[in-house]
Amino acid sequence: MKKKKYDAIVSLAFKQYSNTFISKELFSQNASVVYKLVDKSSQEYAFKIYEDASNIDDNTLEILVLEAITKKGTITVPELVKNIKNSGLTLVKNKTSDSTNRLVLSKWLKGDEFKDNESESLFVKLGEIIAELYLITKNISFSSTLQPRKWDNVFYFRKDKPVYHLKKHNHIVTKEFKELMDTAIPLFNEKLKHIYNPKSAQLLHGDLNPWNIKVHNQQIALFDFEDVILGNPVHDIAILLSYYESNERFGYENVKKWVLKGYHNVNPNEQINESDIEILSLARTVNFLNYVLTTDEDEEDFIKHSLVDLKKYLNSNK
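None of these values were measured; they are calculated from a predicted model.

A word on the packing of aromatic side chains. Evaluation of the coordinates by the stated rule reveals 17 aromatic pairs. Geometrically, the ring pair formed by F14 and F47 is stacked, given 6.3 Å between the ring centres and 10 degrees between the ring planes. Here F14 is found in helix α1 (residues 2–14), whereas its partner F47 is found in strand β3 (residues 44–49), with 33 residues between them in sequence. Here a set of aromatic residues connected by ring pairs shows up, and it is made of F14, Y17, F21, Y45 and F47. Sitting over the face of the ring of W108, K36 holds its NZ or CZ atom 4.6 Å from the ring centroid. Stacked on the ring of F223, the Lys or Arg K214 has its end atom at 5.7 Å from the ring centre.

This is how it looks when you write it as C-alpha cells:
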C-alpha cells in the first residue's frame, strides 16, 4: 500500500522537471524514502521524499549546504537537480489530505557504504574532509526565518519527547532504566548547554554516520544532510565516533586518533576537547535509548549495552 502511495507522489513530482525519466525503482524507505531513477541518457538519480520528522526549514537548509559545498568543489556530495521553477525543493500536494510532500532530486552518488570498507588512510582522509566541510559551512548565511535544530539538549530532534515512563514500555523499561534516564537527562542537558557555543555555531551535517558516507576509488563522498543542525565541529565528530565505540576491528581509540589527525591536518588551530566527545556521544545514546522505544526494532542488546556505559559514566561523575 505504501509503495503505491510513494509511486503516485513521485509520478506527480515528475511533472515539475524537464528531465525525461524512463524507469523508477523504490530503493529504500528507512527514514526518508529514496527512489532510484534513470533518464533516457542512462544518467542515474536519487529522488528523496522527505520524512515527516523533518520540516521545510530542514530541507531548505540541506539544499543551502549542498549548494555551498558544490560551489566550492572540494568535497563530493550529491549534485542537486533543480525543477522547472529553478528550485531544489519540490512540493507535491497530497490529494487525499491537507499535507504536502517535499522532495529533492540529485544525481546518483557512485560508491559503496563507508561501513565495512574503512581503513586507517580513509579515516584520516575523512577527518580532512570533515575539517574542510566546516571551513565551507562557516561562511553560509541564511534567513533569520529559518530555524535550524541545535544540539544544546538531549532531545534536540524535532518532535522528540521522553516516552520511557509510559506504561506501554514497561515490558522492556526496568526500574534501573528509568532511574538512569532520570539522572542522565538533566545532567547532560546542563553539559550540552556548555558545549554548544552560539557565538561560533555553524551549520553541520548532523548525522555523520558510516552509512551516510560513500567510498569510490578510495575517494570519499558525503550525503544525506537532512539532519543539518547548528553546532560546533565537535558535534559532528562525536556523532561519527559514536558508531565506533565498540569497534573490534580497529578499536575506538585508533579511529579517534586517525580522524582527529586528518582533521588537524587541515585545521591545526581548532581545538577538539575529547571529554566533550565523550559527553556528546553519551547524550546521543540517552536520546536513542528513548527513541528506540518508539520503533518496531528489537533493540534489547543496544539497550543492555548502552545502560552499562551510561551507568559507568554516571557512577564516575558522582
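Having seen the structure, we can now continue with the description.
Here we come to the packing of helix α2 (residues 56–72) against helix α3 (residues 120–137). Orientation of α2 relative to α3, taken along the N-to-C sense of each, is 110 degrees, at an axis distance of 10 Å. Relative to α3, α2 is oriented roughly perpendicular. Where α2 abuts α3, its residues V65, A68, I69 and K72 lie against E132, L133, I136 and T137. Each residue belonging to the contact of α2 with α3 can be placed in one class, and the counts come to five nonpolar, one polar and two charged.

Looking now at unusual backbone geometry. Even without a glycine there, the phi angle at N86 is positive, about 60 degrees. Take N86: it is sitting in the loop between β4 (80–81) and β5 (89–93). The phi angle at N217 is positive, at roughly 55 degrees, despite the residue not being glycine. As for its placement among the helices and strands, N217 is situated in the loop between β10 (213–216) and β11 (219–222).

Following both chains from N to C, one finds helix α5 (residues 233–242) and helix α6 (residues 252–266) inclined at 145 degrees, their axes separated by 11 Å at the closest point. Two packed elements cross with a definite hand, and for α5 against α6 that hand is right-handed. Taking contact as the criterion, the partners of P233, I237, L240 and L241 in α5 are, on α6, Y252, V255, K256, V259, L260 and Y263. Looking at side-chain class alone, the contact of α5 with α6 contains nine nonpolar, no polar and one charged residues.

So, on to α3. Along its 18 residues, α3 runs 26 Å from first to last C-alpha, staying within 8% of the 26 Å computed at 1.5 Å per residue. Counting buried residues along α3, 13 of its 18 residues qualify, which places the element largely inside the surrounding structure.

With that settled, consider the pairing of strand β1 (residues 21–28). Successive side chains on a regular strand alternate, one facing one side of the sheet and the next facing the other. Note that β1 and strand β2 (residues 33–39) share six bridges and pair antiparallel. The residue bridging S23 from the neighbouring strand is V38, located in β2. Hairpin connection of β1 to β2: four residues between the antiparallel strands.

Moving on, we get to the nonpolar core. Among the nonpolar cores identified, the biggest contains 81 residues, and F114, I130, F177, F188 and L222 are the most heavily contacted of them. Here this core takes 10 residues from α3, the largest share from any one element. Filtering out sequence-adjacent residues up to four positions away, I130 remains in contact with L208, I237, L240, V259 and Y263. Formed by 17 residues, the second largest nonpolar core is a distinct cluster that contains V10, A13, V33 and Y45.

Thresholds applied
Throughout, residues of each chain are indexed from 1 in the direction in which the sequence is written. At least 70 in pLDDT is required for a residue's local features to be given in this predicted model, at least 80 for side-chain atom pairs to be given and counted, and no such filter applies to totals for whole chains, interfaces and linings, which use all residues. Side-chain numbers come from the whole structure's heavy atoms, not from hydrogens or water. The rule is short: rings of Phe, Tyr and Trp, with Trp giving its six-membered ring, pair when the centres are within 6.5 Å, and they are stacked under 30 degrees, edge-to-face over 60, tilted in between. Only DSSP runs of H or I with at least four residues qualify as helices, and only runs of E with at least two residues qualify as strands; both kinds are numbered from the N terminus onward. Only Lys NZ and Arg CZ are tested; either one counts as a charge over a ring when it is within 6 Å of the ring centre and within 35 degrees of the ring normal. Where helices are involved, their axes are fitted lines through C-alpha atoms of the stretch in contact, as for all axes, and angles between N-to-C directions lie from 0 to 180°. Every angle not falling under 35 degrees, over 145, or within 65 to 115 is termed oblique; those three ranges are roughly parallel, roughly antiparallel and roughly perpendicular. Residues count as neighbours in contact if any of their non-hydrogen atoms are within 4.5 Å of one another. As a working rule, the residues Ala, Val, Leu, Ile, Met, Phe, Trp, Tyr, Cys and Pro are called nonpolar, Asp, Glu, Lys and Arg charged, and the rest polar, with Gly in that last group. A crossing counts as left-handed when the near helix is turned anticlockwise from the far one by less than a right angle, and as right-handed when that turn is clockwise. Expected helix span is given by 1.5 Å per residue-to-residue step, counting one fewer step than there are residues. Each residue gets one of three labels from its accessible area relative to the maximum for its type: buried under 20%, exposed over 50%, partly exposed in between, using a 1.4 Å probe on protein chains only. For two strands to be treated as a pair, DSSP must find at least two bridges joining them. To form a nonpolar core, buried Ala, Val, Leu, Ile, Met, Phe, Trp, Tyr and Cys residues must be joined to one another through side-chain atoms within 4.5 Å.

None of this, on its own, says anything about what the molecule does.
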